[in-house]
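# Commentary on secondary and tertiary structure
Chain by chain, the residues run as shown.
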Amino acid sequence: MMFNAVWFDMQIDHSVVESFGGHGKTAILARVYPTKAVGDKARLFVFNNGESDVKVTNLNAYDMGSAKITTDA
């Protein structure tokens, strides 16, 4: 079976999930209200409504730092 590679980037910030596919050509934004996932409680589910199989071959996850806001004028 032949697979076509698909690139997507997902950014999760508290209750907002942003997904970008096709190197930014497609975007999906959703607001969710999850419980905090820590350690072995963290999960990622990949689903597909198409007719082809999906196989995740590479996944990188990074913690984002907090934003630093200054009010200097």
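Model, not experiment: these values are computed from the prediction. (Residues numbered from 1 in each chain as written. Predicted model: local features only at pLDDT ≥ 70, side-chain atom pairs only at ≥ 80, totals over all residues. Heavy atoms only, no water.)

## With respect to the overall build of the protein chain
Broken down by element type, the protein chain carries 0 helices and 3 strands. When the helices and strands of the protein chain are listed from N to C terminus, the series reads β-β-β. Computed over its C-alpha atoms, the radius of gyration of the protein chain comes to 16 Å, more than 25% above the 11 Å expected for a compact globule of 73 residues. Structurally, the protein chain occupies a C-alpha span of about 60 × 30 × 20 Å along its principal axes. Buried residues in the protein chain amount to 5% of all 73 residues. Surface exposure of the protein chain reaches about 7700 Å², of which carbon and sulfur atoms provide 54%. With 7 positive and 8 negative side-chain charges, the protein chain shows a spacing of 4 Å between the two charge centroids. (Helix = DSSP H or I, 4+ residues; strand = E, 2+ residues; numbered from the N terminus. Rg over C-alpha atoms; globule rule 2.2 N^0.38 Å. Buried < 20%, exposed > 50% of the residue type's maximum accessible area, 1.4 Å probe, protein only. Areas by Shrake-Rupley, 256 points an atom, 1.4 Å probe, with all protein chains shown as cover. Lys, Arg positive; Asp, Glu negative; His and termini not counted. Charge placed at Lys NZ, Arg CZ, Asp CG, Glu CD.)

## Structural notes on the sheet that holds strand β1 (residues 8–13)
The strand order β1-β2-β3 describes an open sheet built from 3 strands, whose pairing is antiparallel. The sheet is open, and its two edges are formed by β1 and β3 (26–31), each paired on a single side. Neighbour-to-neighbour, the strand axes of this sheet turn through a mean angle of 10 degrees, independent of strand direction. Of the pairings in the sheet, the one linking strand β2 (residues 16–21) to β3 comprises 6 bridges and is antiparallel in character. Opposite F20, over in β3, you have A27 as the bridge partner. (Pairing = 2+ DSSP bridges. Axes fitted to C-alpha atoms, helices over the stretch in contact; angles between N-to-C directions.)

## What to know about the pairing of β2
Covered by surrounding structure in β2 are V17, S19 and G21 only, the residues V16, E18 and F20 on the alternate face being uncovered. Linking β2 back to β3 in an antiparallel pair, the connection comprises 4 residues, with G22 at a positive phi of about 60 degrees.

## With respect to the pairing of β1
If a strand is regular, its side chains alternate between the two faces of the sheet. Sheet topology note: the β1/β2 ladder contains 6 bridges and is antiparallel. Within β2, the residue paired with D9 across the bridge is F20. Remark: 2 residues form the turn of the hairpin made by β1 and β2, two consecutive strands paired antiparallel; H14 in that turn has positive phi of roughly 55 degrees.

## Looking at the confidence of the model for the protein chain
In the predicted model, the protein chain carries a mean pLDDT of 78, and 93% of its residues have values of at least 70. Within the protein chain, β1 has the poorest average pLDDT of any element, 82, and β3 the best, 88. (pLDDT = per-residue confidence, 0-100.)

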